[in-house]
Amino acid sequence: MFPSKTFRVARFPASIRIGLIYFVLASLWVWGSDWLALQLLEDHALVVQVQSLKGELFVLCTAALLFWLVRREEGAQAAVRGELERTRNQLEHFVDTSASIIYALTPDLGAKAGWRPVYVSANVWRLTGYLPADWLDRSGFWFEHLHPDDRSQVRQAWQQLQQLGTLSLRYRFQHRDGSYRWIDDQLQLYWGTDGQPFEIVGSWRDVTEQEQVQQALRDRQVKLDTFLAHAPAALAMFNRDMRYLLASQRWVQDFQLGAAGDLVGRSHDELLPELPPQWRQAYQRALAGETVQREEEPCRLPDGSERWLRWKVQPCESVDGRVESIVILAEDITARKLREQALELNASLFMNSSEGIVICDGSKRILSVNRAFSEITGYAAGEVLGQLPMLLRSGQQPRAFYRDMWRQIRRAGRWQGEILNRRKGGEPFLAWLTISLVRDQDGRVRNYYGIFHDITQRKQAEDRISQLTHYDALTGLPNRVLLRERIEAELAQAKREQEPLALMFIDVDRFKYINDSLGHRAGDALLVEMASRLEQAVRQQDTVSRMGGDEFTLLLPQMDAEQAAYLAQAIIARISAPWQFEGLELIVTPSIGIAMFPGDGQVVDALLQAGDTAMYRAKGAGGANFQFYEPGMQLSASRTLQLENALRWALERHELELHYQPQIELSTGRVTGCEALLRWTHPQLGSVAPSEFMPIAEASGLILPIGEWVLRTAVAQNKAWQQAGLAPVVMAVNVSAVQFRQTQFPALVRLVLEEAGLEPGWLELELTESVVSADPEAAIRIMKQLDSLGLQLSVDDFGTGYSSLSYLKRFPIDKLKIDQSFVRDLGSDPDSALIVSGVIAMARALGLRTTAEGVETAEQAAMLAHEGSDEVQGYWYARPMPAEQYERWLQDYLATTRAPGIV
Ligand SMILES: Nc1nc2c(ncn2[C@@H]2O[C@@H]3COP(=O)(O)O[C@H]4[C@@H](O)[C@H](n5cnc6c(=O)[nH]c(N)nc65)O[C@@H]4COP(=O)(O)O[C@H]3[C@H]2O)c(=O)[nH]1
């Protein structure tokens, strides 16, 4: 570099020194020699001569000295010049061969704040292709050759030079050949003693290669980053401590490391502690130079999910062959694995499916069949491969069927339906078949898939079920379901055509009685007879259906109210005609309710409800009649529901009570017994008659808890009276059919008696005639069990049922209770009197006692006494009364000692 900014003279120069010495010596010589000559010589001329000679000699000597000195100086200067020349040459060689170009700039006084090159080392041509002469004194030359993109940056940097004094720049300079070279420019600013910048000395170095290398490195880094960001593979590089060097984005995603931030330097084991232990072994082996890989392996991720991975651990060697790092490449093959598992499953499903499966190629040749195919068709796989599925054709379906089927498959890609095929043995079978086709990318059919199952049995079952679900098994008539469908269809038609339609509900009066007294066979026979009579009564377009039990419904399209009324009358007449059952001539009557469309309802349910309500009204009106639906009727139907609901709470809410009605022995006037009769008083509904709530209690099953309560209360009451000193009487308790059929009923009676401590002889169970005559053998069994307890049994309402005398003989009963309907008509109807005397006579013959119910008048009492009835019961003597009232009545009765009506 250049010397410092200031210069100093250290001592006198040699020229002054030599001049002074010469002056001193020459003066001494001149002065001394003159003085000596004067001293030695007296002769003035001689002195002058000597002095002249001496002067000549002095000049000669000093000339010789001067010559010598000049020569010596010349020699020295030549040596210095030579040395300088050599040094300069050497310097020029150095600079020439140097990679750096030296230059100097001096302020360009012509250009404001500009600088002008005053020196450029010769080697500038190597870097720029230009000679120093091209540069010197051309202040804009350098800037013009800068790359346009770098100019502003260079200009800005230059502005800082004055403050900083030094600058380091890197820019592109255009070579003479047009290419750009990267130049590293180092500048140093020098100030003069006046404090003004007077020189810039700088050096340029060609750093194109270095820049290219760096650029290449940067490019590489960018590529690597791009690769790591977008590579579809999960890969990561680790150092020997298994700390991250780099990782692809996919790796971060697959191993759920997004939250871990920058991975570089982080420990692999700490971030993924759940990885299988064999991974760690693999790292060790890779660090030892081995490549380790696994085709599939399950692994647990940080979030606990299970993934399947395929991985490879690869050692990375440095230039000296040492393993510096390892690369792990992991591929998440979970989806593939699941696909494989799905495929395996599919294959297993294919083989083990209970559906027959057949796969054909595009020309319908069978490629594959499963086990179920063979089981259903009887063909082994080997027998059908390469064949056409036609071999299953039964030949029982027209060609058009197959033509349509294939046309549909080609058009829609799928067909589904029933097909009649043939097994290998020739036996036809009905299959539910689905055929689908699969096309290739060019739209050509690649495969046909057929899936089928044998529905022969199902079809038969369906037909059977359809029959069962749509028809009544006993009568063969359409049932409720089919009726509904037909009503819907007919209603739609009636609406369209604005035609009337009638719905007739028919119920057999006292059917339960027939069933109970003559048995189910009789009931069934009656229903079949009813069905046949109804079918005969209607037109062809009408539907006769059985709704269940003894209810029949007629659907009568295009029928107005007048025609319906006419038909109803005809039906009453038809049904009421006597019919025969095992030698008995029986007569039943129907109750008919009629609902009319459109007046009584627009939809099925409304019409059904209206018809049903009207039918109950007809029943309520005593049967053997028909009623058209009227809006107010609905109320009574809802009362039944209301009663049933209320009855459920009656016991719990103490709404039930027993009333007692005395039974009097006609011959003595003694009170021999009393009948317990249930009373229900509801807070809102008031007093509800047993004739209304008892059927509801029986139908709903509520009779069981209620009946048990009656039994317990009546037995306890009787015991209480006995304990209170009242003359003991037999307590008669009504037993319903439902109670009687309970197998544990006799045990219950015994328990109740035991708990109350009442002698069984003081309890009488009243069974209705229908109860005992429905299944006499079973009734005899139960009655015997009850009889064995020691209590009394009576048959209530005797005369209204169809008791077989032969059975009556075998019943272990003590008493018959003559139904009050006969007693009521005693005076007026000779038949009733006949029946009463017949029953009494028969009872006598069988050794049974008789009690006549419903005695309301003295006349009736007298007649009964005359006929020989043992006991009587009725309003003439006393109404059913609460316990305390009964006690009072009894005291009064005993006090008067007169039995009213005793004849
Ligand atoms: N017209 C008239 N009626 C008379 C006369 N004397 C008594 N009655 C009535 O005749 C019915 C006799 O009872 P039932 O024939 O066993 O007929 C009973 C019986 O079958 C049943 N019932 C009553 N209480 C019970 C019970 O606790 N359990 C069961 N299973 N049924 C009961 O309800 C039916 C009706 O009972 P109630 O309404 O109490 O009607 C009673 C009674 O009040 C009379 O002189 N004239």
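Going by the structure above, here's the rest.
Procedures and definitions
- Residues numbered from 1 in each chain as written.
- Predicted model: local features only at pLDDT ≥ 70, side-chain atom pairs only at ≥ 80, totals over all residues.
- Heavy atoms only, no water.
- Near = heavy atom within 4 Å.
- Polar contact = N/O pair within 3.5 Å; in protein donor to acceptor, adjacent residues only side chain to side chain.
- Areas by Shrake-Rupley, 256 points an atom, 1.4 Å probe, with all protein chains shown as cover.
- Helix = DSSP H or I, 4+ residues; strand = E, 2+ residues; numbered from the N terminus.
- Nonpolar A, V, L, I, M, F, W, Y, C, P; charged D, E, K, R; others polar.
- Expected span 1.5 Å × (residues − 1).
- Buried < 20%, exposed > 50% of the residue type's maximum accessible area, 1.4 Å probe, protein only.
- Pairing = 2+ DSSP bridges.
- Axes fitted to C-alpha atoms, helices over the stretch in contact; angles between N-to-C directions.
- Contact = heavy atoms within 4.5 Å.
- Parallel < 35°, antiparallel > 145°, perpendicular 65-115°, else oblique.
- Left-handed = near helix turned anticlockwise from the far one by under 90°.
- Phe/Tyr/Trp six-rings, centres within 6.5 Å; stacked < 30°, edge-to-face > 60°.

Student: An account of the site of the ligand is requested, with residue identities and associated values reported.
Tutor: By nearness alone, 22 residues border the ligand, and R679, D796, Q820, E856 and Y875 come closest of all. Here an oxygen atom of the ligand and a side-chain polar atom of R679 are 2.9 Å apart. Here a nitrogen atom of the ligand sits 2.5 Å away from a polar atom, N or O, in the side chain of E856. Contact with the protein chains covers 83% of the free accessible surface of the ligand, which is 790 Å². Where the shell around the ligand is concerned, the elements lending two or more residues are β24 (671-682), α23 (690-700), β26 (730-735) and β28 (792-798). Here the element with the most residues in the shell around the ligand is β24; it accounts for 4 residues. The class makeup of the residues in the shell around the ligand is 9 nonpolar, 6 polar and 7 charged.

Student: Kindly report on helix α21 (residues 604-620), identifying the contributing residues and their values.
Tutor: Here α21 spans 24 Å end to end across 17 residues, near enough to the 24 Å set by a 1.5 Å rise per residue. Those residues of α21 that sit buried are V604, L607, L608, A610, G611, T613, A614, M615 and A618. Directly after α21, the chain includes G622, whose backbone phi takes a positive value near 100°.

Student: Which residues make up the sheet that holds strand β8 (residues 292-300), and what values do they have?
Tutor: Overall, antiparallel pairing links the 5 strands, which are arranged β7-β6-β10-β9-β8 in an open sheet. Lying at the two open borders of the sheet, with one neighbouring strand each, are β7 (244-247) and β8. The average angle at which neighbouring strand axes cross in this sheet is 25°, direction not considered. Across 3 bridges, strand β6 (residues 234-239) lies against β7 in antiparallel orientation. Across the sheet, F238 pairs through a bridge with Y244, a residue of β7.

Student: How would you summarise the pairing of strand β13 (residues 414-422) if you had to cite specific residues and measurements?
Tutor: Each regular strand carries side chains that alternate between the two faces of the sheet. In the sheet, β13 pairs with strand β14 (residues 428-439) via 9 bridges, with the strands oriented antiparallel. Across the sheet, residue L420 finds its bridge partner in β14, namely L430.

Student: Explain the sheet that holds strand β17 (residues 543-548) to me, and be specific about the residues and the numbers.
Tutor: Ordered by their spatial adjacency, 5 strands build an open sheet running β17-β18-β16-β21-β22, and the pairing between neighbours is mixed. Pairing within the sheet leaves two strands with one partner each, and these edge strands are β17 and β22 (625-628). Each strand axis lies, on average, 20° off the axis of its neighbour in the sheet, ignoring direction. Relative to strand β18 (residues 551-557), β17 runs antiparallel, the two being bridged by 5 bridges. Each residue of the ladder has a partner; that of G548, found in β18, is E551. Packed on one face of the sheet, helix α19 (residues 520-537) meets β16 (501-508), β17 and β18 and runs near 10° to β18. Sheet strands in contact with helix α20 (residues 561-576) are β16, β18, β21 (590-597) and β22, and its direction is about 160° off that of β21.

Student: Which residues make up the packing of helix α26 (residues 745-756) against helix α28 (residues 776-788), and what values do they have?
Tutor: Viewed as axis vectors pointing N to C, α26 and α28 meet at an angle of 15°, and their least axial separation amounts to 9 Å. Here α26 is positioned roughly parallel relative to α28, judged by the angle of their axes. You can see that α26 and α28 cross each other, and the crossing is right-handed. Listed contacts from α28 to F745, P746 and V749 of α26 are I782, Q785 and L786. Within the contact of α26 with α28, the residues separate by chemical class into 5 nonpolar, 1 polar and no charged.

Student: Any details on the packing of aromatic side chains? Residues and values, ideally.
Tutor: In total, this model carries 29 aromatic pairs according to the counting rule given. For the pair Y244 and W251, a centre-to-centre distance of 6.4 Å together with 75° between the ring planes defines the contact as edge-to-face. With a relative accessible area of 2%, Y244 lands in the buried category. W251 sits in the buried class, given a relative accessible area of 0%. Relative to F255, the ring of W251 has its centre 4.4 Å away and its plane inclined at 40°; by these criteria the two rings are tilted. Three or more aromatic residues joined by ring pairs make a cluster, and in this case those are Y103, Y130, W135, F141, F173 and W204.

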